[in-house]
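Fold and geometry: a report
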Amino acid sequence: MKIAVMGYGTVGSGVVEVIEAHSDVIPKRTGGKSLEVAHILDLRDFPGDSHASLFTKDFYDILNDDEVKIVAETMGGVNPAFDFTMKLLQAGKSVVTSNKELVAHKGLELLETAEKNGVNYLFEASVGGGIPIIRPITQCLAANNIEGIAGILNGTTNFILTMMIEKGMSFDEALKLAQDKGYAEKDPTADVQGHDACRKVCILASLAFGKHVYPSQVETEGITNISLEDVSYINSVDGVIKLLGQIKYISEDSIAAFVSPAVVYHGSQLASVHDVFNAVLVRGDAVGDVCFYGPGAGKLPTASAVVADMIDCAKHSDRKKIFGWGAGEEDYVVDYKACIKMPFYVRAKATCTQINSAFSEVKYLSRKGQPSDEVAFITDIMTENELKKRLDGIPVLNIIKVTNY
Ligand code: HSE
């Protein structure tokens, strides 16, 4: 069966590599069909690459090739990936993708178009890289009401935080290393400011609760404000800082969803997720907590998920997989700051007397080299709005949510 790959970057070249390296086993898993790469679309040149005869800069070479039945879209970004994917689905070709930005923004339209045209639009690689999570949520956990999801969803930021926590490395040094290893997005601000994790939260929330959640509905804070001082205070209470995407069920008509740094205590499964690894913890009413763990970024892990989707499409070329969700609603994602209660870590230029008069109960933290005019503490549970009221007039250096996962 002929296939095409659009985008020959880290993931796309990994897809070609995995297909070629596994050409012997793939037919055993598709019911006898092999995957034969017929076109690779990329505007760049790749001198010396052994696939010279397959490269094209013209999307229509793929669209107009009737023998191509499955296309891997590993270009990233919304445009032109959206236009290309729409045209391919309308032409009766199945598309698989690692492009979380596209699924988060346009997943509803693309899934509806796939449905109408009797083909598949699959996106296992869009969340958690190589971790199986899309099918487990939609199939294996289908008997549960999902109460919440908390995930370390971005490998680059988890790598940076791990380097800061374990090696005392600066943020910039750790980011450079993550880029060199091919983990970061083309523009790493999407990683460090939390937008990449936000897109993955949108996909998980849409799948788990059935209505499209858009990135603009998910309040997002990245890791650029995290300092080695915060790392040190939190280490003193056996905790670590992770960038977490959190989704909480509130009612049939509302959920909370947000991305932010969070304190995770040792003992939580999420605390031991290091380096580029990701983990998604799903809390179901029947199953309890289940945690999916593995490499969240990188060439071959992500390609592993993309190629698995291609195998699924080849195996079920006559059958539509039932993945999807309905339209979103403006007020569906509520303002978590007004309704979700949790403890908070606070670092401030203040005295204990000031803090004690603002809070009835706090746990003070300490670190080596702590200046005499700096305090750090963990509050009792409260909403973020209440916290902000209590901190009114106090010069705050940082606030980090404390998770109960
Ligand atoms: N830049 C992303 C990350 C790649 O670091 O997790 C995988 O989505």
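Right, let's talk about unusual backbone geometry for a bit. Residue P80 is bonded to the preceding N79 through a cis peptide linkage, with omega at 5°. One can find P80 in the loop between strand 4 (68–73) and helix 4 (81–90). One non-glycine residue, D238, lies in the positive phi region at around 60°. Positive phi outside glycine occurs at D275, with the angle close to 55°. Residue placement: D275 occurs in the loop between strand 10 (254–265) and strand 11 (277–284). D275 sits in the partly exposed class, given a relative accessible area of 30%.

Tallied over the full model, the rule gives 23 salt bridges. Residue K200 pairs with D196 through a salt bridge whose shortest N-O separation is 2.5 Å. With a gap of four residues between them, K200 and D196 both fall in helix 10 (residues 195–209), about one helical turn apart. For the pair K200 and D196, one class covers both residues: buried. Residue E384 is joined to K401 by a salt bridge in which the shortest nitrogen-to-oxygen separation is 3.3 Å. Of this pair, E384 sits in helix 15 (residues 384–390) while K401 sits in strand 16 (residues 396–402), placing them 17 residues apart in sequence.

With that settled, the discussion passes to the sheet that holds strand 1 (residues 2–6). The sheet built from six strands is open, its strands ordered 3-2-1-4-5-6 with parallel pairing. The open sheet terminates on both sides in strands that have one partner only, identified here as strand 3 (55–56) and strand 6 (121–122). When strand 1 meets strand 2 (residues 36–41), the two strands line up parallel, connected through five bridges. Along strand 2, the bridge assignment pairs A4 with H39. Across the sheet, helix 12 (residues 299–315) touches strand 1, strand 4, strand 5 (94–97) and strand 6, and the angle it forms with strand 4 is around 160°.

Near the ligand the following residues occur: K100, N154, G155, T156, Y183, A184, E185, D191, D196, K200, G296 and A297. A distance of 2.6 Å separates an oxygen atom of the ligand from a polar atom in the side chain of K100. Within the contact set of the ligand, a nitrogen atom lies 2.8 Å away from a side-chain nitrogen or oxygen of D191. Compared with its free state, where it exposes 260 Å², the ligand has 93% of that area covered by protein. Listed by contribution, the elements that provide at least two residues to the shell around the ligand are helix 7 (155–167) and helix 10.

With respect to the helices and strands, R367 occurs in the loop between strand 14 (362–365) and strand 15 (374–379). Residue classification places R367 among the buried residues on the basis of a relative accessible area of 18%. Of note is the side chain of R367, whose polar atom sits 3.1 Å from the side chain of E374. Setting aside its immediate chain neighbours within four residues, R367 contacts E229, S232, Y233 and E374.

Most of strand 10 is tucked away, with 11 of its 12 residues classed as buried. Summarising the sheet, strand 8 (residues 219–220) and strand 10 pair through two bridges and their orientation is parallel. Bridge pairing in strand 10 links T220 to V259. Between strand 9 (residues 239–251) and strand 10, which pair antiparallel in sequence order, lie two residues. Pairing between strand 10 and strand 16: two bridges, direction parallel. Counted as the bridge partner of A262 is K401 from strand 16.

What follows is about the nonpolar core. The biggest cluster of nonpolar side chains holds 114 residues, and the ones touching the most others in it are V15, Y121 and Y345. At 10 residues, helix 10 tops the list of elements feeding residues into this core. When neighbours within four sequence positions are excluded, Y121 is seen to be in contact with T85, L89, V95, T97, L102, V103, L110, L111 and A114. Formed by 19 residues, the second largest nonpolar core is a distinct cluster that contains F344, A358, F359 and M382.

Quick look at the environment of A52 now. Looking at where A52 falls in the secondary structure, it is placed in the loop between strand 2 and strand 3. Along the chain, A52 and I40 lie 12 residues apart, while their C-alpha atoms are 9.2 Å from each other.

Turning our attention to the environment of N158. Structurally, N158 is set in helix 7. Spatially, the C-alpha atom of N158 lies 19 Å from that of L204, the residues being 46 residues apart in sequence. Those residues in contact with N158 that sit more than four places away from it in its chain are I152, K242, V273, H274, D275 and F277. At 3.0 Å, the side chain of N158 forms a polar contact with the backbone oxygen of D275.

Rules used throughout
- Just so you know, the residues in each chain are numbered from 1, in the order the chain's sequence is written.
- The predicted nature of this model means local features are confined to residues of pLDDT at least 70 and side-chain atom pairs, given and counted, to a pLDDT of 80 or more, with totals for whole chains, interfaces and linings taken over all residues.
- Heavy atoms throughout the structure, all of them, feed into the side-chain values; hydrogens and water do not.
- Helix and strand definitions here come from DSSP, where helices need a minimum of 4 consecutive H or I residues and strands a minimum of 2 consecutive E residues; each element is numbered from the N-terminal end.
- Each residue is assigned to one of three classes by its accessible area relative to the maximum for its type, calculated with a 1.4 Å probe on protein chains only: buried under 20%, partly exposed between the two thresholds, exposed over 50%.
- Any carboxyl oxygen of Asp or Glu that lies within 4 Å of a side-chain nitrogen of Lys or Arg is treated as forming a salt bridge with it.
- Here a strand pair is declared whenever DSSP counts at least two bridges between the two strands.
- We call two residues in contact whenever any of their non-hydrogen atoms come within 4.5 Å of each other.
- Every angle, taken between N-to-C directions, lies between 0 and 180 degrees, and every axis is a line fitted to C-alpha atoms, over only the stretch in contact when it is a helix.
- We call a residue near a molecule or strand as soon as one heavy atom of that residue lies within 4 Å of the molecule or strand.
- Here a polar contact is recorded for every N or O atom pair within 3.5 Å, except that within protein the pair must consist of a potential hydrogen donor and a potential acceptor, and residues adjacent in sequence are included only if both atoms are side-chain atoms.
- Only the protein chains shown count as covering a residue, and every accessible area follows the Shrake-Rupley method with a 1.4 Å probe.
- Remark: nonpolar core denotes a set of buried residues (Ala, Val, Leu, Ile, Met, Phe, Trp, Tyr, Cys) joined through side-chain atoms within 4.5 Å.

Keep in mind that these numbers describe shape and distance, not what the molecule does.
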